[in-house]
Structures are given as C-alpha cells and as structure tokens.
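Single-letter residue listing:
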Amino acid sequence: LVERLVAARADGGDAEHEDLLKSFLDAATDEREPLERDVLRDQLLTMLFAGFDTTSLTLTYAFHLLARHADVAACLRAEVDDVLGATRGVADFATTKSRLPYTAAVLR
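Residues numbered from 1 in each chain as written. Predicted model: local features only at pLDDT ≥ 70, side-chain atom pairs only at ≥ 80, totals over all residues. Heavy atoms only, no water.

**Overview of the overall build of the protein**
At step 1: When helices and strands are counted, the protein shows six helices and zero strands.
At step 2: N-terminal to C-terminal, the α/β element order of the protein is α-α-α-α-α-α.
At step 3: Across the protein, contacts joining residues at least 24 apart in sequence account for 41% of those joining residues at least 6 apart.
At step 4: Surface summary for the protein: the accessible area is close to 8400 Å², and the carbon and sulfur share equals 59%. (Helix = DSSP H or I, 4+ residues; strand = E, 2+ residues; numbered from the N terminus. Contact = heavy atoms within 4.5 Å. Areas by Shrake-Rupley, 256 points an atom, 1.4 Å probe, with all protein chains shown as cover.)

Structure follows, in structure tokens:
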C-alpha cells in the first residue's frame, strides 16, 4: 500500500495534498537529487509505526499509572466529565483540548 502511494504521488498524482509525503517528495538529498522511492517508503513506514508505537506506549503507561493512583484517576475522570459530559462523548478536539489541562498533564 505504501509503495503504491509513493509511486502514485512521485509520478505527479494527487499533487494537491499538503502532507508528510509531499514534504518528503519536495525534499532533496545533499546532492540536490530527489529522494529515491525506497527511501521515501522507509521514511513513511518509520513515521507510521513510530507514531503508532509511541501512542500505544503512552496510553498503556498512563493507564498503568492511573490504576496505581486512584486520586489522579478520579481528578482526570472529573475533568473529562465536566468538559465532555454534555457532549455525550462527541467533541471537537480543537476547541476542547484547552479545556482539559489536567488530562494534558497526565499524558505528558
């Protein structure tokens, strides 16, 4: 899948996207040559799996610590209930994130 995406975009398809792949496609080596497709593929896979692993590890460790610190879990739950309670679990992240400072601190 990633190889097909790199090939399609490197050949000029989907030029309107402004994303990580476009940044890689626009990048050049020290010799001012475009990055080779296998390098592009490897970079995308690294970003994809590094992001997945980092997120899962962060959440796993956060839940582990919350299980050991009931007082912190209670404060976190209270903040989330206060901010998101009326939305019934559906909220816009851009407008909600600044209203969850305790949650942000727990995840840091």
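**What about the nonpolar core?**
At step 1: Counting residues in hydrophobic clusters, the biggest one holds five residues: V6, L21, F24, L40 and L44.
At step 2: Elements that contribute at least two residues to this core include exactly α2 (20-26) and α3 (37-68).
At step 3: If we ignore the near neighbours within four places in the chain, the residues touching L44 are V2, V6, L20, L21 and F24. (Core = buried A, V, L, I, M, F, W, Y, C linked by side-chain atoms within 4.5 Å. Buried < 20%, exposed > 50% of the residue type's maximum accessible area, 1.4 Å probe, protein only.)

**Regarding helix α4 (residues 70-84)**
At step 1: When the terminal C-alpha atoms of α4 are compared, their 20 Å separation across 15 residues agrees well with the 21 Å that a helix rising 1.5 Å per residue should span.
At step 2: If you check which residues of α4 are buried, you get A73, L76, E79 and V83. Down the axis of α4, the smallest arc covering the buried residues is 130 degrees, so these residues share one side. Residues of α4 that are exposed and point more than 90 degrees away from the buried face comprise A70, D71, R77 and D82. (Expected span 1.5 Å × (residues − 1). Arc of directions from axis to C-beta.)

**What to know about the pattern of salt bridges**
At step 1: Per the counting criterion, the structure on display carries two salt bridges.
At step 2: A salt bridge links R41 to E3; the shortest N-O distance between them is 3.1 Å. In this pair, R41 is assigned in helix α3 and E3 in helix α1 (residues 2-10), connecting sequence segments 38 residues apart.
At step 3: Assessed through its relative accessible area of 23%, R41 is described here as partly exposed.
At step 4: In this structure, D42 and R41 form a salt bridge, with 2.9 Å as the shortest nitrogen-oxygen distance.
At step 5: In this structure, a network of salt bridges that share partners links the residues E3, R41 and D42. (Salt bridge = Lys/Arg side-chain N within 4 Å of Asp/Glu carboxyl O.)

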